[in-house]
Amino acid sequence: MLIIDAANSDYKAVNEKLRNTDEDCTIEGCCGQRFIAAGMSGKNVTIHGIPGNALGAYLNDSHITVNGNAQDAVGDTMNEGKILIYGNIGDAAGYAMRGGKIYVQGNAGYRAGIHMKAYKEKIPVMIIGGCAGSFLGEYQAGGIIIVLGLHKNSKSIVGNFPCTGMHGGKMFLRGDCGHIRFSGQVTAKTAGDEDLEEIREYLSEYCADFGYFLDGILSEPFTVITPDSKNPYKQMYVAN
């Protein structure tokens, strides 16, 4: 295990040490260093502190655990791997991600999952344990976004304008979503057994990571949101 002291290092020095080892790494004293593990493959990185923007951008088959919060653009365009956040994340998490998993114990800022897409056999998955800000799943083209609302403290599970421009993929929101205004180009319905079976594996993994019980997660209904193929964004996208 390689211990990297980031307290007095810039992001270039931290990433250089990551690139030059095949060992599992723990980064101590992280405070805003950007691009940690960006584009890296085969790494297992644990971070104590708060990494800066673009943590795990273009990630390839690596595992990142953050024991704290993370800033904006977590998992930007990631291809494969897993990012586990024991805290909250900033804006635009999972921007254009086409594979891998981002699991967040806390809340997410604006535009989480923007431009998320699937690629061949890859299905990107983002699970947010608390609530998410406005424009969740904006222009979503593939993959799965799940928001659990476990500790939203009377706040809405999502902010304004969820699923704006959504033309692929699925979104699952836990609990009562009757107050949420969705675009006319998407369909929102109560998730049935078949819908829940599709995400059961991911929820089980999430519960194992953060110490929750699956039965408790499934004790409330979910709403599943998908694009409405009968009412697409005709001026924006080509109909299937």
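Description of the structure in this document. (Residues numbered from 1 in each chain as written. Predicted model: local features only at pLDDT ≥ 70, side-chain atom pairs only at ≥ 80, totals over all residues. Heavy atoms only, no water.)

## Comments concerning the overall build of the protein chain
Now for step 1: Assigned secondary structure in the protein chain consists of three helices and eleven strands.
Now for step 2: Helices and strands appear in the protein chain in the N-to-C order β-α-β-β-β-β-β-β-β-β-β-α-α-β.
Now for step 3: Computed over C-alpha atoms, the radius of gyration of the protein chain comes to 18 Å, within 12% of the 18 Å expected from 2.2 N^0.38 for 240 residues, which places it in the range of a compact globule.
Now for step 4: With the principal axes as the frame, the protein chain shows a C-alpha extent of 55 × 40 × 30 Å. (Helix = DSSP H or I, 4+ residues; strand = E, 2+ residues; numbered from the N terminus. Rg over C-alpha atoms; globule rule 2.2 N^0.38 Å.)

## Examining the nonpolar core
Now for step 1: Counting residues in each nonpolar core, the largest one holds 45 residues, and the members touching the most others are Ile27, Leu55, Leu136 and Leu173.
Now for step 2: Per-element tally for this core: the top contributor is strand β2 (residues 25-31), with three residues.
Now for step 3: Ignoring sequence-local partners within four residues, the contact set of Leu55 consists of Ile36, Ile47, Ile64, Val66, Ala70, Ala73, Val74, Gly75, Ile83 and Ile85. (Core = buried A, V, L, I, M, F, W, Y, C linked by side-chain atoms within 4.5 Å. Buried < 20%, exposed > 50% of the residue type's maximum accessible area, 1.4 Å probe, protein only. Contact = heavy atoms within 4.5 Å.)

## Thoughts on the pattern of salt bridges
Now for step 1: Inspection of every chain in the model, using the stated rule, returns ten salt bridges.
Now for step 2: As a salt-bridge pair, Glu205 and Lys101 come within 2.7 Å of each other at their nearest N and O atoms. Of this pair, Glu205 sits in helix α2 (residues 193-210) while Lys101 sits in strand β6 (residues 101-104), and the two are 104 residues apart along the sequence.
Now for step 3: With a shortest N-O distance of 2.5 Å, Arg111 and Glu138 are connected by a salt bridge. With Arg111 in the loop between β6 and β7 (125-128) and Glu138 in the loop between β7 and β8 (141-147), the pair connects residues that are 27 residues apart, well separated along the chain.
Now for step 4: Classification of Arg111 by relative accessible area gives partly exposed; the value is 31%.
Now for step 5: Residue Glu138 is classed as buried on the basis of its relative accessible area, which comes to 5%. (Salt bridge = Lys/Arg side-chain N within 4 Å of Asp/Glu carboxyl O.)

## Thoughts on α2
Now for step 1: In this model, α2 (18 residues) spans 24 Å end to end at C-alpha, consistent with the 26 Å of a helix rising 1.5 Å per residue.
Now for step 2: Of all the bends in α2, the greatest, near 45°, is centred on Ile199.
Now for step 3: Those residues of α2 lying buried are Asp195, Leu196, Ile199, Tyr202, Leu203, Tyr206, Cys207 and Phe210.
Now for step 4: Immediately beyond the C-terminal end of α2, within one or two residues, lies Gly211, with a positive phi of roughly 80°. (Expected span 1.5 Å × (residues − 1). Bend = angle between axes of the 7 residues up to and from the residue.)

## Quick look at helix α1 (residues 11-19)
Now for step 1: Val14, Asn15 and Leu18 are the residues of α1 that are buried. The buried side chains of α1 occupy one side of the element, clustering within an arc of 90° when seen end-on.
Now for step 2: Buried residues along α1 sit against β1 (2-5), β2 and β3 (44-50). (Arc of directions from axis to C-beta.)

## Quick notes on the side chain of Thr21
Now for step 1: Looking at where Thr21 falls in the secondary structure, it is placed in the loop between α1 and β2.
Now for step 2: Excluding its chain neighbours within four sequence positions, the residues that come into contact with Thr21 are Leu2 and Lys43.

## Considering unusual backbone geometry
Now for step 1: Of note in this structure, Phe35 is not a glycine but carries a positive phi near 60°.
Now for step 2: Within the secondary structure, Phe35 sits in the loop between β2 and β3.
Now for step 3: Residue Phe35 is classed as partly exposed on the basis of its relative accessible area of 34%.
Now for step 4: The phi torsion at His115 lies on the positive side, around 60°, for a residue other than glycine.
Now for step 5: Residue placement: His115 occurs in the loop between β6 and β7.
Now for step 6: Its relative accessible area of 30% is what places His115 among the partly exposed residues.

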